[in-house]
Amino acid sequence: MSTSHSTTPSDALEQLLTGNARFVRGERSYPHQDTDRRASLASGQSPFAVVFGCSDSRLAAEMLFDQGLGDLFVVRTAGHVAGAEVTGSIEYGAQVLGAPLVVVLGHDSCGAVTAAKGVCDGGAAPGGHVRDVVERVTPSVLAAKSAGLDTVDDIVDEHIKHTVDFLVERSGALAEAVENGTCAVVGLSYRLAEGSVRMVAARGRVPAPAA
């Protein structure tokens, strides 16, 4: 890691989950959002977590985790599909900025998963580059179906797990950091109506998801 960080992966995860609990209760503390914080970050940043989430407008990471300026390094794509540019961005947050935690953030009723499921069920594929997004979600749909899972929300969980594994297996930098304990990669699923997150996948030295 090029930048050291005093926060452990478990501490970073706990900080996110505690912030989400405040958000669910409607008791957000709005940390790190004043002029002093803004000025202190002008010369550099040291986020404690990378959040790779879906681009859905209802999935604003700083809000649902009750964090502020400089706390999270956020990368977003529709359906949290990852290519080289996305993986490089995540590596930058973890390797260069030293964030000890990478979070893959999905959500229920995901439009990308719904579209991919529809295609696998015999529907027409979308046009343009939206097709590329759907094609990248399709392996998760097929894996879920082979396991006997067929609802969109079950497939969302499978897609989150697939993305966590993809990042660790495709990125040597992340794999090394997970192996030596300086970083962990976890998958969280967000419920749109309730505002809560639950862990569905974990790679590294953090508590395992509940059975």
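Rules and cut-offs
- Residues numbered from 1 in each chain as written.
- Predicted model: local features only at pLDDT ≥ 70, side-chain atom pairs only at ≥ 80, totals over all residues.
- Heavy atoms only, no water.
- UniProt positions renumbered as here; feature names shortened; annotations may be inferred.
- Helix = DSSP H or I, 4+ residues; strand = E, 2+ residues; numbered from the N terminus.
- Buried < 20%, exposed > 50% of the residue type's maximum accessible area, 1.4 Å probe, protein only.
- Contact = heavy atoms within 4.5 Å.
- Axes fitted to C-alpha atoms, helices over the stretch in contact; angles between N-to-C directions.
- Parallel < 35°, antiparallel > 145°, perpendicular 65-115°, else oblique.
- Nonpolar A, V, L, I, M, F, W, Y, C, P; charged D, E, K, R; others polar.
- Pairing = 2+ DSSP bridges.
- Core = buried A, V, L, I, M, F, W, Y, C linked by side-chain atoms within 4.5 Å.
- Phe/Tyr/Trp six-rings, centres within 6.5 Å; stacked < 30°, edge-to-face > 60°.
- Expected span 1.5 Å × (residues − 1).

**A closer look at the UniProt feature "binding site: Zn(2+)" (unreviewed entry) in the chain**
In this numbering, the UniProt entry assigns the feature "binding site: Zn(2+)" (unreviewed entry) to C54, D56, H107 and C110. Across 57 residues in sequence, these annotated residues keep their C-alpha atoms within 8.8 Å of one another, forming a single compact spot. Turning to its location among the elements, H107 is positioned in strand β3 (residues 101-107). Judged by its relative accessible area of 1%, H107 is buried. Here H107 is in contact with C54, D56, R58, L59, V156, S189, Y190 and L192, once residues within four sequence places are set aside. With residues near it in sequence (within four places) discarded, C110 still touches C54, G79, V152 and V156.

**Overview of the packing of helix α5 (residues 111-120) against helix α7 (residues 152-170)**
Running from amino to carboxyl end, α5 crosses α7 at an angle of 105 degrees, the nearest separation of the two axes being 10 Å. Between α5 and α7, the angle is such that the two are roughly perpendicular. Mapping the contact onto sequence places V113, T114 and K117 in α5 and V152, I155, V156 and H159 in α7. Tallied by class, the residues present in the contact of α5 with α7 amount to four nonpolar, two polar and one charged.

**Let's talk about the sheet that holds strand β4 (residues 184-190)**
Judged by pairing direction, the sheet is mixed, and its five strands sit side by side in the order β2-β1-β3-β4-β5 without closing on themselves. Of all strands in the sheet, those bounded by a partner on one side alone are β2 (72-77) and β5 (197-203). Each neighbouring strand pair of the sheet contributes to a mean axis angle of 20 degrees, computed without reference to strand direction. Two elements, strand β1 (residues 49-54) and β3, share four bridges in a ladder whose sense is parallel. By the bridge assignment, V50 is partnered in β3 with V102. Helix-sheet contacts for helix α1 (residues 9-25) involve β1, β2, β3, β4 and β5, and the interaxial angle to β3 is about 35 degrees. Of the strands in this sheet, β1, β2 and β3 touch helix α4 (residues 84-96), which is tilted by about 175 degrees from β2.

**Regarding the nonpolar core**
Judged by nonpolar contacts, the single largest core of 56 residues is most densely connected at F65, I90, L101, V102 and L105. A total of six residues in this core trace back to one element, the largest contributor, which is α7. Sequence-distant contacts of V102, defined by excluding residues within four places in its chain, comprise V50, I90, A94, L167, L174, C183, A184, V185 and V186.

**Some words on the packing of aromatic side chains**
Centre distance and the angle of the planes are the two values used to describe a pair of aromatic rings. Under the criterion given, the structure shown has one aromatic pair. Between the aromatic rings of F73 and Y92, the centroid separation amounts to 5.8 Å while the plane-to-plane angle is 40 degrees, which identifies the pairing as tilted. Of this pair, F73 sits in strand β2 while Y92 sits in helix α4, and the two are 19 residues apart along the sequence. Classification of F73 by relative accessible area gives buried; the value is 18%.

**Section: α1**
An α-helix turns once per 3.6 residues; consequently, residues spaced three or four apart project the same way. Here α1 is 17 residues long and its end C-alpha atoms lie 25 Å apart, about the 24 Å a rise of 1.5 Å per residue gives. When we look at burial in α1, the residues that qualify are P9, A12, L13, L16, G19, N20 and R22. Of the residues trailing α1, G26 is marked for its positive phi of about 75 degrees.

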